[in-house]
Structure formats: structure tokens, C-alpha cells
Amino acid sequence: MNTQESMLEEIREANLSYLMLAKNMIRADKAQALYRLGISDEIADLLAELTPGQMMRMAASNMMMCRFRFDDDMVWNLLVDHGKKRGEGEAASAGRLHASILMAGNFGEAI
């Protein structure tokens, strides 16, 4: 299997894993799934009703179904915590909390 074929197979596997995870999250706690997945209520209902065959066909796409939900450099820097030199603990926790707040604002804009 060449590199291109291998990459496409990995995309398909990631898509299937993502669909299965999304469906399980929606079934377990729909409100939290909407927030964590960044999807609308209508999309959640659609995902919850997918049959295994439909999931397999959707996963077979050569395009990733999930994507990074934030394009803001500040969020990335807070998440990777480039300020580790300041030390672990409260500063790192504050950075992650700030990133979560920024991403929660993005979720509200997406809906």
C-alpha cells in the first residue's frame, strides 16, 4: 500500500471513529455533545439516527469529517501553553480555562 492509499485509509478510519464517538456522545448527553462537537441540534438528531451501514458509507469519504474548530492563534497558544517557563500549576490552568472560554464563545457563534 503506498503512502496516498494509506493516508486515505486512515482518513476513513478516523471518520468512522468520529461518527461512532459523536453518536455515543449524543445518546449519552445531547446538550454536552452539541457543545463538545460544535454541531446543531438538527445535525445531532441526524447523527443519532444513522444506521451502521449509513455510517460506513459516510466514513468512506476521502475528506475528514471533523476539523479543528478554532483558527485563533491565541487559543492555540493557550492550549499548547507556550508559557510553561512560568511554571506549571495555576498559570497553566488559567491558560486552559481562558482557551475554553474563548472556544465556548465560538460555539455560540456557530449556532
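Coordinates for the structure precede this section.
Residues numbered from 1 in each chain as written. Predicted model: local features only at pLDDT ≥ 70, side-chain atom pairs only at ≥ 80, totals over all residues. Heavy atoms only, no water.

Chemist: Quick question: what am I supposed to make of the overall build of the chain here?
Modeler: Summing up its helical and strand segments, the chain has six helices and zero strands in all. Going from the N terminus to the C terminus, the chain shows its helices and strands as α-α-α-α-α-α. Burial status across the chain gives 23% buried among its 111 residues. Counting only carbon and sulfur atoms, one obtains 57% of the accessible surface of the chain, whose full area is about 7,900 Å². (Helix = DSSP H or I, 4+ residues; strand = E, 2+ residues; numbered from the N terminus. Buried < 20%, exposed > 50% of the residue type's maximum accessible area, 1.4 Å probe, protein only. Areas by Shrake-Rupley, 256 points an atom, 1.4 Å probe, with all protein chains shown as cover.)

Chemist: So what exactly am I meant to see when it comes to a nonpolar patch on the surface here?
Modeler: On the surface, a cluster of nonpolar side chains totalling about 310 Å² of accessible area is made up of Phe68, Trp76 and Val80. Summarising the element assignment, Phe68 is placed in the loop between helix 4 (52–59) and helix 5 (73–80). (Patch = residues over 30% accessible without salt bridge, like charges linked within 9 Å, V, L, I, M, F, W, Y side chains within 5 Å. Salt bridge = Lys/Arg side-chain N within 4 Å of Asp/Glu carboxyl O.)

Chemist: When you look at the pattern of salt bridges in this model, what are you seeing that I'm missing?
Modeler: Side-chain pairing between opposite charges can occur once the charged atoms of the two side chains come close. Counting across every chain of the model gives three salt bridges. We note a salt bridge from Lys30 to Asp41, for which the minimum N-O separation is 2.8 Å. In this pair, Lys30 is assigned in helix 2 (residues 30–37) and Asp41 in helix 3 (residues 41–48), connecting sequence segments 11 residues apart.

Chemist: How do you make sense of helix 1 (residues 3–28) when you look at a structure like this?
Modeler: The periodicity of an α-helix, 3.6 residues per turn, causes residues three or four positions apart to be oriented the same way. Over its 26 residues, helix 1 extends 37 Å from the first C-alpha to the last, a length consistent with the 38 Å expected when each residue adds 1.5 Å. N-capping of helix 1 is provided by Asn2, with a side-chain oxygen placed 3.0 Å from the backbone N of Gln4. (Expected span 1.5 Å × (residues − 1). Polar contact = N/O pair within 3.5 Å; in protein donor to acceptor, adjacent residues only side chain to side chain.)

Chemist: Any chance you could explain the side chain of Asn15 here in plain terms?
Modeler: Relative to the helices and strands, Asn15 resides in helix 1. Only 3.4 Å separates the side chain of Asn15 from the backbone oxygen of Ala59, close enough to count as a polar contact. In this structure Asn15 touches Ala59, Ser61, Met63, Met64 and Met65, once residues within four positions along its chain are discounted. (Contact = heavy atoms within 4.5 Å.)

Chemist: Looking at this model, I keep getting lost on the packing of helix 1 against helix 2. Mind explaining?
Modeler: What describes two packed helices is the angle between their axes and the distance between those same axes. The geometry of helix 1 relative to helix 2 is characterised by a closest axis approach of 6 Å and an angle of 140° between their N-to-C directions. Considered as vectors, helix 1 and helix 2 are oriented oblique to each other. Here helix 1 and helix 2 pass one another in a crossing that is right-handed. Residues Tyr18, Ala22, Met25, Ile26 and Ala28 of helix 1 pack against Lys30, Ala33, Arg36 and Leu37 of helix 2. (Axes fitted to C-alpha atoms, helices over the stretch in contact; angles between N-to-C directions. Parallel < 35°, antiparallel > 145°, perpendicular 65-115°, else oblique. Left-handed = near helix turned anticlockwise from the far one by under 90°.)

Chemist: What exactly am I supposed to notice about helix 3 here?
Modeler: Taken as a whole, helix 3 has its buried residues at Ala44, Leu47 and Ala48. Taken end-on, helix 3 shows its buried residues confined to a sector of 100°, consistent with a single buried face. The outward face of helix 3, more than 90 degrees from its buried face, is lined by the exposed residues Glu42 and Leu46. In this fold, the buried residues of helix 3 make contact with helix 1 and helix 2. (Arc of directions from axis to C-beta.)

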